[in-house]
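Letter by letter, the chains look like this.
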Amino acid sequence: MSGHLLSIEDLSVTFRSERGPVRAVHSVSLHVDEGETLAIVGESGSGKSVTALSILRLIGDAGRIDRGRILFDGRDLLTLDKAGIRSIRGDRISMIFQEPMSSLNPVLTVGKQVAEPIRLHRGKSWAQAMEDAAELLERVAIPDARERLGDYPHQFSGGMRQRVMIAMALACQPRLIIADEPTTALDVTVQAQILHLLKELTRELRSALILITHDLGVVARYADRVAVMYAGRVVETAPARALYARPSHPYTLGLMASIPGLDAPAGTRLPTIRGQPPDLANLPEGCPFVPRCPHARAICSSAVPPLEPVGPDHLRACYGFE
Amino acid sequence: MHAYVIRRLLALIPTLFFASLIVFVSMRVIPGDVVDLMLAQNDIATGQDRERIEASLGLDKPLHIQYVQWIGGALVGDLGHSLWQNTPVTELILARLPITFELGLLALFVALTVAIPIGIYSALYQDTAGDYIARSFSLLMLAVPSFWLGTLVMVFPSVWWRWSPPLEFVPFFEDPVRNLAHMLVPAILLGLSLSAVTMRMTRTTMLEVLRQDYIRTARAKGLSEPMVVLRHALRNGLIPVVTLIGLQAPLLIGGAVILEQIFVVPGMGLLLLEAVSQRDYPVISGVFLIVGVGVLFINLAVDLSYGWLDPRVRRR
Ligand SMILES: Nc1ncnc2c1ncn2[C@@H]1O[C@H](COP(=O)(O)OP(=O)(O)OP(=O)(O)O)[C@@H](O)[C@H]1O
Ligand SMILES: [Mg+2]
């Protein structure tokens, strides 16, 4: 036993597409400890969502998990039978999705949707589960929660819907919550409230949190550890502080440079990472970041660099640069 | 909600007005004349007889006057009298209406119980052998007219097994078993032809719904696949299917007219055919008017059922 709450070992996922197989996740290894917040960052298409969905085996029919193990409480989620994985979903591990508009069922009341996992996993009657749902909606600070149990999703604003999603995810007091860009679709002012609420409630429950985001500012505020993904691989992973203090992969450096610093003199041009995100169906030999890397050398194109320690609990996949 | 229903009912009035006008005028445009038919039955008729008959039937007045008289009567439930039997048309129709209604309802029941489960199955097992069989079957049902199938069902069993579907009509409340035995075959044929399009629609909308984010949410909660389909997908998938059923109502009635003829079901269809062959104008117009009202009410019922299926339209 590894001692981690969740550990993903050597996970690879492939999707069928018109242009041939697309390897969306490649040899990813990650772990999350009890009560910890792990942030996964990376550009669009880097495989963050696919990694997250793989944990609960929700990647859909087009995708296949080719390789790897996902250990949770010492059991491999990838080899559980269907009933086994269903008993984990929504109970021990729950998910919050990016789009609060489309992630709630338009024809079912909010109360029913929040009560559903309680009824399912706790075997309570609908009446009891609705009672719990009312309390959950109060905890996520929905005004007049009890009266709103019978309302439908379209009667709530985006932020309120995401609160409903959070209530739903917390319903069975899961050990791990996976939040896939929970605030990307929301107003900036609402984003902070939602993240704050999420962090607060996971802390109360002592649940672990995997927080997927584009936003390194969010990472700095909420994460204990960070994994940076690029082209389906983890290219750097470190405690949040260490990553900010000493970013070690050229891609991470690029991401860091692209957040406007408070101390930057006015008028400084914001550096962005040059080049296009990689085409997963057509990756170069060796390190996938080579075409965009300012430090690329001959060795970089020979083979994919392995993840190697550069500090305590700090790994990067790079042959090094000055 | 009540205000909405009342508004919808008021909106039916102009539609019905135009429908009745078209029905009334087209009746008189079709070739053949009731008076000719009557005279042909009576060899000793003379030119004078013709005028007398026309006057007695009210056919000598200008067409627009006739229309106003007819529609005025219709508003108070009087659709005139049959030109041949002098029975009130309302009475004739009321005797036949429940029979066609029963046939339609049975057919709808058959259509839904066939189409919805198969449509769901096809969507869940997309591109499997079962899906192909279901889709081919529905294509076949679309292509084969129900009168042809009806004829086959009448002819072949009697040739092969010396059995044919019962053709003797018994009112439902007299002997429900024999009534259903008679109605079942036409109801199944009519239902199957309606199920073809409904099945395809169910399949398409279920495929669409199963791709939605909220279905992934439902799975992420740990629900079993049947629960995901029945509780989360089906109601969303049925919204367009219900519209389709409303649109198919006229088809259903048209099919009923033909199958009533083949299986000797004394409903509105048979009444209409008799009336047309005798050029019995008031009966024809009356039947069409009632059918029109029926179609409009079916569509109103469909619209109202959205409110039940889809909470997003409830508060308009
Ligand atoms: N259902 C699917 N069918 C085909 N390809 C898919 C599917 N889902 C994901 N992919 C592929 O996997 C790659 C990684 O997708 P993923 O959704 O994990 O990216 P992401 O890092 O979450 O990006 P974003 O920040 O935009 O959410 C995508 O580039 C896409 O090509
Ligand atoms: Mg994503």
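Bear in mind the structure is a predicted one, so any value in this text is a computation, not a measurement.

Caption draft 1: Up close: a nonpolar patch on the surface. All names here are of chain B. Residues V155, F156, V159, W160, W161 and W163 make up a contiguous nonpolar surface patch of roughly 700 Å² in combined accessible area. Relative to the helices and strands, W160 is located in helix α7 (residues 146–161). Take W160: its relative accessible area is 55%, and that puts it in the exposed class.

Caption draft 2: Molecular detail of the packing of helix α1 (residues 2–29) of chain B against helix α13 (residues 281–309) of chain B. All names here are of chain B. As a packed pair, α1 and α13 sit with axes 9 Å apart at the nearest point and diverge in direction by 150 degrees. Considering the angle they form, α1 stands roughly antiparallel to α13. At the point where α1 passes α13, the crossing takes the right-handed sense. Together, Y4, V5, R8, L9, L12, T15, L16, S20, V23, F24, M27 and R28 of α1 and Y281, I284, S285, F288, L289, G292, V293, L296, F297, L300, D303 and L304 of α13 make up the contact between the two elements.

Caption draft 3: The arrangement of the site of ligand 1 in detail. Residues and elements named next belong to chain A. Ligand 1 sits among 13 residues. The nearest are S44, G45, K48, S49 and E181. In this structure, an oxygen atom belonging to ligand 1 sits 2.8 Å away from a main-chain N or O atom of G45. In the environment of ligand 1, an oxygen atom lies 2.9 Å from a nitrogen or oxygen atom belonging to the backbone of V50. In the complex, 67% of the free accessible area of ligand 1, which totals 630 Å², lies under the protein chains. With three residues, the single largest contributor to the shell around ligand 1 is helix α1 (residues 48–55). Tallied by class, the residues present in the shell around ligand 1 amount to four nonpolar, six polar and three charged.

Caption draft 4: Region of interest: the interface of chain A and chain B. Taken residue by residue, the interface counts 27 residues in chain A and 22 residues in chain B. Together, the buried faces of chain A and chain B total about 2200 Å²; carbon and sulfur atoms form 59% of this surface. Here chain A and chain B share two salt bridges between them. Residues E116(A) and R231(B) are paired through a salt bridge, measuring 2.5 Å at the closest nitrogen-oxygen approach. Taken together, the connections running from chain A to chain B amount to eleven residue pairs in polar contact (both at pLDDT 80 or more). When residues of the side of chain A that touches chain B are traced back to their parent elements, those giving at least two are α3 (110–122) and α6 (158–170) of chain A.

Caption draft 5: Quick peek at the nonpolar core. Residues and elements named next belong to chain A. The biggest cluster of nonpolar side chains holds 76 residues, and the ones touching the most others in it are L6, L77, L137 and L176. Top element by residues in this core is α6. It accounts for seven residues. For L176, the contacting residues outside a window of four places in its chain are L5, L6, V32, F72, R92, I93, S94, A208, L209 and I210.

Caption draft 6: Spotlight on helix α12 (residues 268–277) of chain B. Residues and elements named next belong to chain B. For α12, every residue scored as buried is listed here: M268, G269, L270, L271, L272 and A275. Elements in contact with the buried residues of α12: α5 (89–124), α11 (249–263) and α13. Backbone geometry just downstream of α12 places R279 in the positive-phi region, at approximately 55 degrees.

Caption draft 7: Geometry of unusual backbone geometry. We note that R206(A) has phi near 55 degrees; this positive angle belongs to a residue other than glycine. You can see R206(A) is positioned in the loop between α7 (188–205) and β8 (208–213). Relative accessible area serves as the criterion here: at 67%, R206(A) is assigned to the exposed category. If you check the backbone angles, N86(B) has positive phi at about 65 degrees while not being a glycine. With respect to the helices, strands and loops of the structure, N86(B) is situated in the loop between α4 (63–75) and α5. The class of N86(B) is exposed, set by a relative accessible area of 57%.

Caption draft 8: Region of the structure containing the sheet that holds strand β12 (residues 314–316) of chain A. All names here are of chain A. Strand order in this open sheet of eight strands is β6-β7-β8-β3-β9-β10-β12-β11, and the pairing throughout is mixed. The open sheet has two edge strands, β6 (93–96) and β11 (308–311), and neither has a second partner. Across the sheet, the axes of successive neighbouring strands diverge by a mean angle of 20 degrees, strand direction being ignored. Contacts between helix α10 (residues 250–257) and the sheet are confined to β9 (225–230) and β10 (233–239), with β9 contributing the most and set at about 105 degrees to the helix.

What counts, and where the lines are drawn
Residues numbered from 1 in each chain as written. Chains lettered and ligands numbered in written order. Predicted model: local features only at pLDDT ≥ 70, side-chain atom pairs only at ≥ 80, totals over all residues. Heavy atoms only, no water. Patch = residues over 30% accessible without salt bridge, like charges linked within 9 Å, V, L, I, M, F, W, Y side chains within 5 Å. Areas by Shrake-Rupley, 256 points an atom, 1.4 Å probe, with all protein chains shown as cover. Salt bridge = Lys/Arg side-chain N within 4 Å of Asp/Glu carboxyl O. Helix = DSSP H or I, 4+ residues; strand = E, 2+ residues; numbered from the N terminus. Buried < 20%, exposed > 50% of the residue type's maximum accessible area, 1.4 Å probe, protein only. Axes fitted to C-alpha atoms, helices over the stretch in contact; angles between N-to-C directions. Parallel < 35°, antiparallel > 145°, perpendicular 65-115°, else oblique. Left-handed = near helix turned anticlockwise from the far one by under 90°. Contact = heavy atoms within 4.5 Å. Near = heavy atom within 4 Å. Polar contact = N/O pair within 3.5 Å; in protein donor to acceptor, adjacent residues only side chain to side chain. Nonpolar A, V, L, I, M, F, W, Y, C, P; charged D, E, K, R; others polar. Buried area = accessible area lost by both parts, 1.4 Å probe. Core = buried A, V, L, I, M, F, W, Y, C linked by side-chain atoms within 4.5 Å. Pairing = 2+ DSSP bridges.

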